[in-house]
Amino acid sequence: MTDAIQSPQQELAQRFQQAVAKAFGPEHAGMDPLVRRSDRADLQANLAMSLGKALKKPPREVAQALLSALDAADLCEKLEIAGPGFINVTLKNEYLNGLLTRTLGDERLGVPTSPEPQTVVVDYASPNVAKEMHVGHLRPCVIGDCLVRVLAFAGHRVIRQNHIGDWGTPFGMLIEHLLDLGGADQASELSLGELDAFYKAARKKFDSDETFAERARQRVVSLQGGDEPTLGLWRVLVEASTQNFQKIFARLGVTMQPQDTRGESFYNVFLPEIAHDLQSRGIAQVQEGALCVFPPGFKNREGEPLPVIVRKSDGGFGYAATDLAALRFRAQELRGDRLLYVVGSPQAQHFAMVFAAARLAGYVGEHVRTEHVGFGSVLGQDRKMMKTRSGDTLRLLELLDEGKERALAELNERADLPAEDRVALAVSLSLAAIKYTDLSSDRIKDYVFDWDRMLAAEGNTGPYLQYAQARQCSMLRKLEPGEVIDPAAIRIQHDREHTLALLLLGFGAAVTDVEASLEPHKLCSYLYELASAFSSFYQECPVLKAGTAESRASRVALTELTRRVLVQGMQLLGIDAPARM
Ligand code: ARG
């Protein structure tokens, strides 16, 4: 794109590259000038150290030569060499003014679209049929949904895949139980959230009633044999579960749609052929009756090679075989360039091994990136897996209900709000609290669920961002009739404005960072820093009571830009931004 907005960091990096070429010859111009944020100045360029090493010259001398060659008077207010050869840069307000004006006029707020748009297949949520979604499904939903939003905003073609567990031996007992209850007509209730009870009842009968267990086993055989009445009952169960999942997605504001569901059963037809293919090409071998691929580098504690089991010794196919078929499908049929799996860290080894096996088999081309986006667990206050009081796994629905109740209790004193607005706000606040806590924690680590901390209106929380944004909305509602927001009015003067400006111009980098690293907490930190910088700015720099019309117009425009960046940033996190709170 010709008119993409260059961030100060990018602009300065280019100028330094030119300076390197000028001072030391074009052969060094390709090096990364290492322009970073700095706590001493606006930015610092750290290239003099590595350049010094390459040229065998003292870094400070190199830095001095760079400054003499640097043509950046239009950007920089001050350039200083510090320590061993850091170059500290303070940017000119006039330069920032121009950039801020363009950013406010830009629909994308300065976020670049990827120069190489890809097809990214994202496997996330992926619950199991006939079981209710529980607290363990929170992270794959929330993290996965943030990533698809960021990737799509960055210009990629995103294909969501809800790889539900809709096949396997439990369906024998589930179908028999359904028949005992009176058949397909009973299933409509299941979508209302009785799935767990249904599953447990079936399990109990299976464990205690031998004739039932035998019927269930026969039913598995019919199911696998493609018996049409059996498949019909199976479909009823899958459909009921899918509706139940879809309700939870809707409540969570997760963008997964029914048409994104492609469950394990979808891959059944491919499995015998995959087994044949792998065996005939010598990629898989039979060991103790099972057909296995041994991807190089995977060993157990005894040093023996670990298998990816393609076909079990009883002739059945399992989880790994299905994932091999899914990898092939995603690379070859969906034409994914990047295949992401947002699944908990305990499955890290499984994914590493099926990725390696799929590559070995040539199912996934070399240019295709496969990534397991793992994450830690959600823990209760006791640092153990979250449970209900009775010791059961906590259903996601119960968790969402509790969040809503707690948020509502905090809004108790808000006599200014009609009851239904209070409920809507409680829903919004509690979702923001839950999602933000999840996304702002380092993905790989566990985190402890603490309602009070999560729902707090102050501190690094979702509600804090929402309130900050709503306060900006309320300021902007107070503009005079006819007073317009003019992007060209921006004139940075005060230090706090300068700090805010730098952050506003860093939104693109924050988004691009998540696109590359798949770490949403980077966007969270950025937004929190931005909201805090706005509040510091606002304390020192009155907006509506600014001393002059010029400074009012400038600050109004800065307020609007901050608001828009916050709204867009929260949208990427999947958090809504109410205009009134
Ligand atoms: N249903 C699985 C589970 O609950 C997650 C599926 C993840 N995706 C995959 N392609 N294996 O553990």
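The model shown is predicted, which means the values in this text are computed figures rather than measured ones. For every chain, the first residue of its written sequence is number 1, and the numbers climb from 1 along that sequence. The model is predicted, so local features are restricted to residues of pLDDT at least 70 and side-chain atom pairs to those at 80 or more, both for listing and for counting; the totals for chains, interfaces and linings are taken over all residues. Think of the side-chain values as coming from all heavy atoms in the structure, minus any hydrogens and water.

Student: Can you help me understand the overall build of the protein chain in this one?
Tutor: Strands here mean DSSP runs of E at least two residues long; helices mean DSSP runs of H or I at least four residues long; both are numbered from the N terminus. Along its length, the protein chain carries 20 helices and 13 strands. With the C-alpha coordinates aligned to their principal axes, the bounding extent of the protein chain is approximately 85 × 70 × 45 Å. Residues classed as buried in the protein chain amount to 52% of the 581 residues present. By definition in these notes, contact holds between two residues if any of their heavy atoms fall within 4.5 Å. Once local pairs closer than 6 in sequence are excluded, the contacts in the protein chain between residues at least 24 apart make up 72%. Summary of the burial criterion: residues with accessible area below 20% of their type's maximum are buried, those above 50% are exposed, and those between are partly exposed, where the area comes from a 1.4 Å probe applied to protein chains only.

Student: What exactly am I supposed to notice about the sheet that holds strand E3 (residues 76-82) here?
Tutor: Within a sheet, each strand pairs with its neighbour through backbone hydrogen bonds, oriented either parallel or antiparallel. The four strands are arranged E1-E2-E4-E3 in an open sheet whose pairing can be described as antiparallel. Of all strands in the sheet, those with a lone pairing partner are strand E1 (35-37) and E3, marking the two edges. Across this sheet, the average inter-strand angle for adjacent strands is 30°, counted without regard to direction. The rule for pairing is simple: two strands pair if DSSP sees at least two bridges between them. One ladder, built from three bridges, connects strand E2 (residues 43-45) with strand E4 (residues 86-91); its direction is antiparallel. Its bridge partner being in E4, Gln-44 is matched across the sheet by Asn-88. Each axis is a line fitted through C-alpha atoms, taken for helices only over the stretch in contact, and angles between the N-to-C directions span 0 to 180 degrees.

Student: Would you mind showing me how to read the side chain of Gln-44 here?
Tutor: Within the fold, Gln-44 resides in strand E2. Those residues in contact with Gln-44 that lie beyond four places of it in its chain are Leu-34, Val-35, Arg-36, Arg-37, Ser-38, Phe-86, Ile-87 and Asn-88.

Student: What should I look at first to understand the packing of helix H14 (residues 419-440) against helix H16 (residues 462-477) in this one?
Tutor: Each packed pair of helices is defined by two parameters, the angle between the axes and the distance between the axes. Contact pair H14 / H16: the axes reach a minimum separation of 7 Å and the direction vectors enclose 125°. Taken together, the axes of H14 and H16 are oblique relative to one another. Between H14 and H16, the contacting residues are Ser-428, Leu-429, Ala-432, Ala-433 and Tyr-436 on the first element and Gly-462, Pro-463, Leu-465, Gln-466 and Tyr-467 on the second. Split into classes, the residues belonging to the contact of H14 with H16 amount to seven nonpolar, three polar and no charged. Here the angle decides the label: under 35 degrees means roughly parallel, over 145 means roughly antiparallel, 65 to 115 means roughly perpendicular, and every other value means oblique. For this classification, Asp, Glu, Lys and Arg are treated as charged, while Ala, Val, Leu, Ile, Met, Phe, Trp, Tyr, Cys and Pro are nonpolar and the rest, including Gly, are polar.

Student: Teacher, can you tell me more about the packing of helix H7 (residues 195-208) against helix H8 (residues 210-224) here?
Tutor: Where H7 meets H8, the axes come as close as 6 Å, and the angle between the chain directions of the two elements is 110°. One way to sum up the angle between H7 and H8 is to call them roughly perpendicular. In this structure, H7 meets H8 at a crossing whose hand is left-handed. Here Ala-202, Lys-205, Phe-206 and Ser-208 of H7 lie close against H8, whose contacting residues are Glu-210, Phe-212, Ala-213, Ala-216 and Arg-217. Among the residues making up the contact of H7 with H8, the classes are represented as five nonpolar, one polar and three charged. Should the near helix be turned counterclockwise from the far one by less than a right angle, the crossing is left-handed, whereas a clockwise turn marks it as right-handed.

Student: Can you help me understand helix H19 (residues 521-540) in this one?
Tutor: A helix is expected to span 1.5 Å for every residue after the first. Over its 20 residues, H19 runs 29 Å from end to end, which matches the ideal 28 Å to within 8%, given 1.5 Å per residue. Along H19, the residues that are buried comprise His-521, Leu-523, Cys-524, Tyr-526, Leu-527, Leu-530, Ala-531, Ala-533, Phe-534 and Phe-537. Those residues of H19 that are buried lie in contact with H14, H16, helix H17 (495-504), helix H18 (507-517) and helix H20 (549-573).

Student: Would you explain the pairing of strand E5 (residues 119-123) in this entry?
Tutor: In summary, the side chains of a regular strand alternate between the two faces of the sheet. Along E5, five of the five residues are buried, which leaves the element largely enclosed by surrounding structure. The alternating pattern of E5 places Thr-119, Val-121 and Asp-123 and Val-120 and Val-122 on opposite faces, both of which are buried. As paired elements, E5 and strand E6 (residues 157-161) share five bridges and run parallel to each other. Pairing of Val-122 across the sheet is with Arg-160, part of E6. When the strands point away from the viewer, a crossover counts as right-handed if the route from the first strand across the helix to the second turns clockwise. With respect to chirality, the unit in which E5 leads through helix H5 (residues 138-153) into the neighbouring parallel E6 is right-handed. Sheet analysis places E5 next to strand E10 (residues 338-342), joined by four bridges and oriented parallel.

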